[in-house]
Amino acid sequence: MRQSTFLAPTMRDVPADADAISHQLMLRAGMMRQIASGVYAYMPLAKRAMAKIETIIREELDKIGAQELLLPSLHPAELWQESGRWESMGDELIRLKDRHNRDFALGPTHEEVITMLIKDGIASYKKLPLNVYQIQTKFRDERRPRFGLLRGREFIMKDAYSFHDSAESLDEMYWAMHAAYSRIFTRVGLTFRPVIADSGSMGGKDTHEFMALASVGEDTIVYSDESEYAANLEMAASAAPPSAEVQVYGRLEKKETPNAKTVDDAAAALGLDADDIFKALVVMLDDELTLLILRGNDELNEVKALHELGAKEMRMATEQEVVDAFGASPGSIGPVGVGNVPIYADHRIHSMKTIACGANETGYHYVHVGPGHDYTVTAYKDLRTVREGDPSPDGKGTLRFAEGIEIGQVFKLGTRYSESLDAKYLDSNGKAQPFLMGCYGIGVSRTIAAVIEQHHDEFGVVWPKAVAPFHVHLLALNVKNEEQKQLAESLYQELREASIEVLYDDRPERAGVKFKDSDLMGLPVRVSVGKRAGEGFVEVKVRKTGEQLELPAGELASWLHQFLSE
Ligand code: ATP
Ligand code: MG
């Protein structure tokens, strides 16, 4: 491709709201332009990189037997009403009416459409398992579109859906997709972690998110420095600590803690460390008033607590509800003497050597509290948010935190959609059964941005070879010099004939401008035809390492073939 006619409108001053480096670089390098908030045009450089990511995705999914299809973006409202998501998606679902005043949505994801399609197309278990995928534009009216392609309102996703007649078959496909995703993101050149994620209100189902590590990431991921363990912060588990000996039975003593509203207030009044005091939280768990106790310095992790306690919803009890149930205000609550409210304790409480807690009398706390003696709990659970430096729950290594971008997700849906949309197959006994389903997404456009977040330097993008829009940037440093021009032109022809993808800067610009643009665009190799053209030499520079060498023009193609195959 000749740069003189190539559509890559570079930009000097990027808009102030472009605060992700990938967003800035993509605008500056002429890879994309904003059309509306969260809506972008992909210019040829971006389109070419995306095509390479798509090819990698197709190769890896085809390998495990998935079949590509293409579903519509325009979805009749009835489908979404039937699944219940016409309501639950809220404002994120983009809705419109056709000329007959019928309601439609622009597809944000395709569980509804694919389930209806398979319901009408497949009758027997003999066709199962089935795994279908598409690469297509999705629409979500995100509350905060930002960071360019990282969170758009119109974006490109690969979504796959699988259908099964047994939990084992679904499990097998789930892990086959998990492995395929790992191969895809490795080939794309990303540093990533598959992390245990929250399956939301459909509790108990397996799901992993694939997170590309990057400082711009909106999610905190927690990983072990010595094992494969990794989870989202909201799902990261805490290992139960060994029990400490607490021998204070019969020494319970009430102390005044006037105006203590928080654990820290009580700690100050009692002259104790906050970690020696119970943090007692009164919550409404579904419809039941419940007492949760943690160590004073720990934070309740609501997502984990919902999973651990098998509940759907949780909210903090109101002050009045607390007073009504415990006879004291929220700053003075504890488990001693509580009979009629379930009490769940975080298992890190086991390691407390001294215990103080609210006395259920406003302005008072107990000290020398004896577990099992002065109070009992319904059960010990993992309720707290983990902290960096905690031991990994698998017993191997220490937990570390990192920021990540969710580039993909694999999810066991079970019968969530086949039940609500009444999609059944006939089993071997001729009996109708709802399909077991899995769904699997990759943010294709987000992945490009994630690659740039991980692969850039102060001068521009540093494309990994596998997804670079072109392999080689060929620069004719002075097109007015006939020798240089001729050598560059002949190399351009030669490289193209050798199937090397080359962007040829044949513009009548100064060498300095060309070098700058070349660094910004970040193709893996730069070949400059300059002063030594007369002797038949060119200069080669590897973008990533900065390694530079001079080569006889005749050796260039074979050097490049070698470099590109490494
Ligand atoms: P997020 O939590 O980031 O909003 P999600 O969990 O809602 O994403 P999924 O429904 O799992 O997203 O979609 C599959 C993939 O599509 C995600 O893993 C992500 O890579 C990509 N994706 C989701 N929303 C967007 C968006 N607004 N812009 C770009 N890519 C997106
Ligand atoms: Mg997701």
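Please read these numbers as outputs of a predicted model, since none were measured by experiment.

Caption draft 1: Broad picture of the layout of surface pockets. The calculated volume of the largest pocket comes to roughly 1,400 Å³. Along the walls of the largest pocket sit 45 residues, with Glu92, Arg140, Glu209, Glu406 and Gln409 positioned nearest its centre. Those elements giving two or more residues to the lining of the largest pocket turn out to be helix H4 (85–88), strand E8 (154–164), strand E11 (219–224), strand E21 (399–414), helix H10 (416–420), strand E24 (436–443) and helix H11 (444–454). No other element matches E21, which puts 6 residues into the lining of the largest pocket. Here the residues of the lining of the largest pocket sort into 17 nonpolar, 13 polar and 15 charged. Considering the residues around the second largest pocket, the lining is formed by Thr10, Met11, Arg12, Arg28, Phe459, Arg507, Val513, Lys516, Asp517 and Leu520. When grouped by side-chain class, the residues that make up the lining of the second largest pocket number 4 nonpolar, 1 polar and 5 charged.

Caption draft 2: Looking closely at the site of ligand 1. Residues in close proximity to ligand 1 total 14 residues, the closest being Arg140, Glu142, Arg151, Gly152 and Glu406. At 2.6 Å from an oxygen atom of ligand 1 is found a side-chain nitrogen or oxygen belonging to Glu406. With respect to ligand 1, the backbone of Gly408 contributes an N or O atom lying 3.5 Å from an oxygen atom. When ligand 1 sits alone it has 580 Å² of accessible area, and the protein chains cover 81% of it. For the shell around ligand 1, the elements supplying multiple residues, two or more each, are E8 and E21. Considered class by class, the residues forming the shell around ligand 1 number 5 nonpolar, 4 polar and 5 charged.

Caption draft 3: Inspection of the sheet that holds strand E6 (residues 103–106) at higher detail. Within the open sheet, the 3 strands sit side by side as E4-E6-E5. Their pairing is antiparallel. With partners counted over all chains shown, the strands left at the sheet margins are strand E4 (74–76) and strand E5 (94–97), one partner each. Geometrically, the sheet is characterised by an average inter-axis angle of 40° between neighbouring strands, direction not taken into account. Relative to E6, E5 is paired through 4 bridges, and the arrangement is antiparallel. Paired with Arg95 across the bridge in E6 is Ala105.

Conventions and cut-offs
- Residues numbered from 1 in each chain as written.
- Chains lettered and ligands numbered in written order.
- Predicted model: local features only at pLDDT ≥ 70, side-chain atom pairs only at ≥ 80, totals over all residues.
- Heavy atoms only, no water.
- 1 Å grid on protein atoms, 1.4 Å probe; cavity = no way out; pocket = protein on both sides within 12 Å on 5 of 7 lines; lining within 4 Å.
- Points joined across faces, edges and corners; volume = space filled by probe spheres on them.
- Helix = DSSP H or I, 4+ residues; strand = E, 2+ residues; numbered from the N terminus.
- Nonpolar A, V, L, I, M, F, W, Y, C, P; charged D, E, K, R; others polar.
- Near = heavy atom within 4 Å.
- Polar contact = N/O pair within 3.5 Å; in protein donor to acceptor, adjacent residues only side chain to side chain.
- Areas by Shrake-Rupley, 256 points an atom, 1.4 Å probe, with all protein chains shown as cover.
- Pairing = 2+ DSSP bridges.
- Axes fitted to C-alpha atoms, helices over the stretch in contact; angles between N-to-C directions.

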